[in-house]
Amino acid sequence: MDAIFNVLKPPKMTSHDVIGFLRRALNTKKIGHGGTLDPDAAGVLPVFAGSATRLLEFAVEGRKEYIAEFTLGAQTDTGDDSGEVVKTLPVPQFTQEQLLAVLARFIGPQLQLPPMYSAIKINGKKLYQLARQGVEIERTARPIEVYKLELLHYTETSFTVRVACSKGTYIRVLGEDLATALGTCGTMSFLLRTQVGAYTIDKAFTLQEIAANPDGCAAEPLTAVDALPKLRVNARQAARITNGVRTTLAGTADGRYVLLGPADEFLGIVRCEQERLQAEKILMHYAMPED
């Protein structure tokens, strides 16, 4: 099956566990997910099967949205409430206006230091594997962007926000930084991912629903790249491009395109430079017409 599944990942299940479940349910070996979601978190996890796995990078690049709760006064080694408390601080009184002012400071482009408890690989080892061994190594801050940070609810010792952000953003770290800006420390106590690129939680399916009716839950591979401009070509051009031949298409602006065949078949992704098309990701090879 060449398809994408908008999975509603349950808590207490790793992203790898989800892949294992669907590999068996769909009886396929070629399968992967678009962006790891913490085991304790729930929400949207796009899963790509068959030739659609070639489009995984586009899901990872997409905008992400979360609802997150942060509890103030204690910080854990993992950044969420599954870890061991490593720091406690008193929580100063703050008003809604003060909290909103702090949130506003974290909207926009910024640098963020990845946590030790993350799937980032350094020298072939994932950081969380080193963290579990008690090893902490130096990390480099990475550029991220927070597009939206909306306050949904707050108490004297906690607050809940809706976050829209770029790839690579660690919500746990964002919560710790927000707590520090409030003059205390904090830990993420709840996380729900509501969007990854084109995939939103209102259109997500549980694992049980997918296993029972995979065809009814499957999304077309084109949904992963629907934001890219479309470029339709004739049969001869489709055959040349999908078989690796650079092809001139006069009047085509430079950039990346979704390549469609003469009957709107989704053939893959191409890049145009100086009116010449070069295949980047091919999902379907088109046969050269005989005439």
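Thresholds applied
- Residues numbered from 1 in each chain as written.
- Predicted model: local features only at pLDDT ≥ 70, side-chain atom pairs only at ≥ 80, totals over all residues.
- Heavy atoms only, no water.
- Salt bridge = Lys/Arg side-chain N within 4 Å of Asp/Glu carboxyl O.
- Helix = DSSP H or I, 4+ residues; strand = E, 2+ residues; numbered from the N terminus.
- Buried < 20%, exposed > 50% of the residue type's maximum accessible area, 1.4 Å probe, protein only.
- Core = buried A, V, L, I, M, F, W, Y, C linked by side-chain atoms within 4.5 Å.
- Contact = heavy atoms within 4.5 Å.
- Polar contact = N/O pair within 3.5 Å; in protein donor to acceptor, adjacent residues only side chain to side chain.
- Pairing = 2+ DSSP bridges.

Let's talk about the pattern of salt bridges
The final tally for this structure, using the stated rule, is nine salt bridges. Taking the shortest distance from any N to any O, the salt bridge between arginine 172 and aspartate 38 comes out at 3.2 Å. One end of the pair, arginine 172, is in helix H5 (residues 171-181); the other, aspartate 38, is in the loop between strand S2 (31-33) and strand S3 (42-49), and 134 residues separate them in sequence. Taking the relative accessible area as the measure of exposure, aspartate 38 reaches 19% and is therefore buried. Where aspartate 226 meets lysine 230, a salt bridge forms, and the shortest distance between an N and an O atom there is 3.4 Å. Three or more residues joined by partner-sharing salt bridges are found here, namely Arg256, Arg271 and Glu280.

Overview of the environment of alanine 263
Along the chain, the position of alanine 263 falls in the loop between strand S17 (255-260) and strand S18 (266-273). A relative accessible area of 60% places alanine 263 in the exposed class. The spatial distance from the C-alpha of alanine 263 to the C-alpha of isoleucine 31 is 27 Å, given a sequence separation of 232 residues.

Structural notes on the nonpolar core
What tends to happen in soluble globular proteins is that the nonpolar side chains get buried as a cluster. Leu149, Phe159, Ile171 and Leu178 are the most contacted members of the largest nonpolar core, which has 25 residues in total. Mapped by element, the contributors of at least two residues to this core are strand S4 (64-72), helix H3 (96-105), strand S10 (142-154), strand S11 (158-165), H5 and strand S12 (186-196). If we skip the residues at most four places from it in the chain, phenylalanine 159 touches Ala68, Glu69, Phe70, Leu72, Leu99, Leu103, Leu151, His153, Tyr154, Leu178 and Leu182. Within the second largest apolar cluster, 17 residues are counted, among which are Phe48, Leu55, Ala224 and Leu228.

Let's talk about the environment of serine 189
Assignment of secondary structure puts serine 189 in strand S12. Placed 146 residues apart in sequence, serine 189 and glycine 43 show a C-alpha to C-alpha distance of 15 Å. Sequence-distant contacts of serine 189, defined by excluding residues within four places in its chain, comprise Glu69, Phe70, Thr71 and Asp81. A polar atom in the side chain of serine 189 sits 2.6 Å from the side chain of glutamate 69.

Quick notes on the sheet that holds strand S19 (residues 276-282)
Taken together, the five strands give an open sheet; going across it, the order is S15-S17-S18-S19-S16, and neighbouring strands pair in mixed fashion. Every interior strand has two partners, whereas the edge strands, strand S15 (230-232) and strand S16 (247-248), have only one. Direction of pairing for S18 relative to S19: antiparallel, over a ladder of six bridges. Note on S19: the bridge partner recorded for valine 270 is alanine 279.

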